[in-house]
Amino acid sequence: MAAIPYGYDLTPYCGAPPSPLTLVSRWNLDPGLILVLLAALAAYGVVSWNVRGAWWRKPCFYTGWLIGALALTSPLCPLSVSLFSARVGQHMILVSVAAPLIVLGCDLNPERTSAGRSDPGAHRGVLLAALVFAVCLWVWHAPGPYLQTFVSETAYWAMHLSLFGAACWLWAGLLDKAGRHPVASLAAALFTTVQMGFLGAFITFAPRPLYAAHSLTTLAWSLTPLQDQQLGGAIMWIPAGAILVGAVVLSLGQAIRRSEAGAWAHTAG
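One structure accompanies this document, and this report is about it.

Rules used in this analysis
- Residues numbered from 1 in each chain as written.
- Predicted model: local features only at pLDDT ≥ 70, side-chain atom pairs only at ≥ 80, totals over all residues.
- Heavy atoms only, no water.
- Helix = DSSP H or I, 4+ residues; strand = E, 2+ residues; numbered from the N terminus.
- Buried < 20%, exposed > 50% of the residue type's maximum accessible area, 1.4 Å probe, protein only.
- Contact = heavy atoms within 4.5 Å.
- Disulfide = S-S within 2.5 Å.
- Axes fitted to C-alpha atoms, helices over the stretch in contact; angles between N-to-C directions.
- Parallel < 35°, antiparallel > 145°, perpendicular 65-115°, else oblique.
- Nonpolar A, V, L, I, M, F, W, Y, C, P; charged D, E, K, R; others polar.
- Expected span 1.5 Å × (residues − 1).
- Arc of directions from axis to C-beta.
- Polar contact = N/O pair within 3.5 Å; in protein donor to acceptor, adjacent residues only side chain to side chain.

### Some thoughts on the overall build of the chain
Point 1. In terms of regular secondary structure, the chain is built from 10 helices and 0 strands.
Point 2. When the elements of the chain are put in sequence order from the N terminus, they spell out α-α-α-α-α-α-α-α-α-α.
Point 3. By the burial criterion, 45% of the 269 residues in the chain qualify as buried.
Point 4. Within the chain, residue pairs in contact and separated by at least 24 positions form 80% of the contacts whose partners lie at least 6 positions apart.

### Topic: the state of the cysteines
Point 1. Overall, the coordinates contain 1 disulfide when judged by the stated rule.
Point 2. In this model, C14 is linked to C77 through a disulfide, with the two sulfur atoms separated by 1.7 Å. Its S-S torsion of approximately -75° makes the covalent link between C14 and C77 left-handed. Here C77 lies in helix α3 (residues 76-82) and C14 lies in the segment before α1 (31-47), a separation of 63 residues in the sequence.
Point 3. Judged by relative accessible area, C77 falls into the buried class, the value being 0%.

### Side note on the packing of α1 against helix α2 (residues 57-73)
Point 1. Between α1 and α2, the shortest axis-to-axis distance is 11 Å and the interhelical angle comes to 175°. The orientation of α1 relative to α2 falls into the category roughly antiparallel. Counted together, L33, L37, L38, A40, L41, Y44 and G45 of α1 and R57, K58, F61, Y62, W65, A69, L72 and T73 of α2 form the full contact between these two elements.
Point 2. Residue composition of the contact of α1 with α2, by class: 11 nonpolar, 2 polar and 2 charged.

### Notes on the environment of A142
Point 1. Following the sequence through the fold, A142 ends up in the loop between α5 (122-140) and α6 (143-151).
Point 2. A142 gets classed as partly exposed once you look at its relative accessible area, which sits at 25%.
Point 3. C-alpha separation for the pair A142 and I203, spaced 61 residues apart in sequence, amounts to 9.8 Å.

### Let's talk about helix α9 (residues 225-237)
Residues three or four positions apart in an α-helix share a direction because the helix packs 3.6 residues into each turn.
Point 1. Taking 1.5 Å as the rise per residue, α9 with 13 residues should run 18 Å; its terminal C-alpha atoms sit 18 Å apart, in good agreement.
Point 2. Restricting attention to buried positions, one finds in α9 the residues P225, D228, Q229, G232, G233 and M236. The buried residues of α9 occupy an angular sector of 135° when the element is viewed end-on, so they sit on one face.

### Side note on the environment of T149
Point 1. Inspection of the secondary structure puts T149 in helix α6.
Point 2. The class of T149 is buried, set by a relative accessible area of 1%.
Point 3. As a C-alpha pair, T149 and H160 span 11 residues in sequence and 9.6 Å in three-dimensional space.
Point 4. For T149, the contacting residues outside a window of four places in its chain are R87, W140, A155, Y156 and M159.
Point 5. A polar contact is formed between the side chain of T149 and the backbone oxygen of Y146, at a distance of 2.6 Å.

What follows is the structure, encoded as structure tokens:
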């Protein structure tokens with residue numbers, strides 16, 4: 001198990017590890033974070049004020065914003081100091097639930113063509129997004145960088161912003177309503193499902209605890225560090241994987257519809 005680097009004071013951004021009795025009162029009310037969240041909400045309101053699109057897109061954004069805000073400010077934040085499984089749960093909420101909802105809500109352009117012209121580089125964009133997301137996921141769940149997020153607020157926010165940003169980029173390609181690059185979207189969704197599942201399985205079946213930050217904080221929750229790690233790996237592997245399987249099905253459906261549309265156009269011509 002990696003040791004905490006000499007000279008560091010382990011004071012994570014979310015505070016000291018909570019106890020089961022104090023958890024419900026441990027909200028993260030960081031003024032800077034709340035200001036950024038409210039600014040993002042206000043900016044969306046201004047941009048979307050006079051935009052007419054599908055009625056459900058704005059509720060998608062507001063729901064995604066609320067879920068993301070709660071993941072960062074609710075007692076889940078301090079719980080993630082105690083439990084690796086809570087930290088993984090926080091990550092999966094942000095990248096697999098909040099990110100796709102926000103992406104759906106930000107697609108407010110009702111004039112975007114659903115067929116016809118296609119950006120020649122679009123297929124490379126979604127594949128690159130899948131690769132960048134995979135790199136972020138593996139780097140920040142490696143023991144060394146993961147530990148740094150407990151001793152450096154810069155590392156903590158670099159982790160969250162890079163994971164969330166890469167996830168939004170990826171979901172923007174996977175949820176492209178125009179279906180302009182369905183084969184690339186399918187490949188990206190499959191790659192993401194496999195690599196995330198592999199990482200989750202690797203963490204779940206590791207023979208020893210990998211994360212020094214939780215070596216003394218899990219017992220209050222009736223878990224050993226290894227049991228906590230196994231739970232975290234399973235969260236990444238199964239629930240998050242199931243959401244991505246849905247993205248695979250969506251991408252496959254887009255590919256089939258586009259193929260059928262092309263065949264119909266060829267026949268009609």
